[in-house]
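Okay, here's what each chain looks like letter by letter:
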Amino acid sequence: MKKVIEMYKASLKELSVTRNVVFCGLMAALAIVLGMVASISIGQYIRIGFSGLPNRMVDFLFGPVVGCFFGGALDVLKYLMKPEGPFFFGFTLNAMLSGIIYGSILYRKPIRWKRIILAELLVKLFINCVLNTLWLSMLYGNAFMVLLPPRILKNAIMLPIDSVILYFSLNYIGQAAKQFGFVKNKMAV
């Protein structure tokens, strides 16, 4: 438990470094652009895109606290830039919880397939399939069990794809982060 508390304290301290905040701003801009040009909507309830990748980089580099704040702020900013449907705080909560999950599993830890797949599986199962489906059913009045099967299928298909993309992206960003001094040498990348 002490290690978890220390990890959260270290993540909170990342916000006091100007360079980290600037990097988060750049990642937010990249996420917004990717959300506008690299997203495919399949029906009203399913969207595939790459705008979450900058979030994962922030979660990996700066931890669960920064990931939580970044995810929540970015969700609101994306909505203000390009509103799709009514604003619903449940989706913002999901973005914040995803930052906590990815940050807790990936922050200051070596990049390993097992960690990547675990983080992806937890988010896809609990956030994407359960919570997102619950919010959609509440928001649009559709039955939870009607929305769930296509969302499970989409997330099952995307799990290996997103895991591979995240693994190689984090390896690349980890090497670049070491060169620019964003991470300490004790973290194995």
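Provided above is the structure to which this section pertains.
In this text, all values refer to a predicted model and were calculated from it rather than measured experimentally.

**Brief notes about the packing of helix α5 (residues 113–140) against helix α6 (residues 144–179)**
Axes are the key here: two packed helices are described by the angle between their axes and the distance separating the axes.
Part 1 of the argument: Following both chains from N to C, one finds α5 and α6 inclined at 150°, their axes separated by 9 Å at the closest point. The orientation of α5 relative to α6 falls into the category roughly antiparallel. For α5 against α6, the interelement crossing comes out right-handed.
Part 2 of the argument: The class makeup of the residues in the contact of α5 with α6 is 19 nonpolar, six polar and four charged.

**Considering a nonpolar patch on the surface**
Part 1 of the argument: Taken together, Val-33, Met-36, Val-37, Leu-77 and Met-81 make up a surface patch of nonpolar side chains, about 460 Å² in accessible area.
Part 2 of the argument: Contributing elements (two or more residues each) for the nonpolar patch: α2 (18–37) and α3 (53–81).
Part 3 of the argument: Element by element, the count of residues in the nonpolar patch is highest for α2, at three residues.
Part 4 of the argument: Among the secondary structure elements, Val-33 is positioned in helix α2.
Part 5 of the argument: Judged by relative accessible area, which is 47%, Val-33 ranks as partly exposed.

**Some thoughts on unusual backbone geometry**
Part 1 of the argument: Of note in the backbone geometry, Arg-108 takes a positive phi value of approximately 55° without being a glycine.
Part 2 of the argument: Its place among the elements puts Arg-108 in the loop between α4 (89–106) and α5.

**Quick word on α3**
Side chains three or four residues apart in an α-helix point the same way, a direct result of the helix having 3.6 residues per turn.
Part 1 of the argument: The end-to-end C-alpha distance of α3 is 18 Å, clearly below the 42 Å that 29 residues give at a rise of 1.5 Å each.
Part 2 of the argument: The largest bend along α3 measures about 140° and falls at Gly-63, with the proline Pro-64 one to four residues further on.

**A word on the packing of aromatic side chains**
Part 1 of the argument: Counted under the stated rule, the structure contains seven aromatic pairs.
Part 2 of the argument: A ring pair is formed by Trp-113 and Tyr-167, whose centres lie 3.9 Å apart and whose planes are at 15°; its orientation type is stacked. Of this pair, Trp-113 sits in helix α5 while Tyr-167 sits in helix α6, and the two are 54 residues apart along the sequence.
Part 3 of the argument: Residue classification places Trp-113 among the partly exposed residues on the basis of a relative accessible area of 35%.

Conventions adopted
Residues numbered from 1 in each chain as written. Predicted model: local features only at pLDDT ≥ 70, side-chain atom pairs only at ≥ 80, totals over all residues. Heavy atoms only, no water. Axes fitted to C-alpha atoms, helices over the stretch in contact; angles between N-to-C directions. Helix = DSSP H or I, 4+ residues; strand = E, 2+ residues; numbered from the N terminus. Parallel < 35°, antiparallel > 145°, perpendicular 65-115°, else oblique. Left-handed = near helix turned anticlockwise from the far one by under 90°. Nonpolar A, V, L, I, M, F, W, Y, C, P; charged D, E, K, R; others polar. Patch = residues over 30% accessible without salt bridge, like charges linked within 9 Å, V, L, I, M, F, W, Y side chains within 5 Å. Areas by Shrake-Rupley, 256 points an atom, 1.4 Å probe, with all protein chains shown as cover. Salt bridge = Lys/Arg side-chain N within 4 Å of Asp/Glu carboxyl O. Buried < 20%, exposed > 50% of the residue type's maximum accessible area, 1.4 Å probe, protein only. Expected span 1.5 Å × (residues − 1). Bend = angle between axes of the 7 residues up to and from the residue. Phe/Tyr/Trp six-rings, centres within 6.5 Å; stacked < 30°, edge-to-face > 60°.

The values are spatial; any link to function lies outside them.
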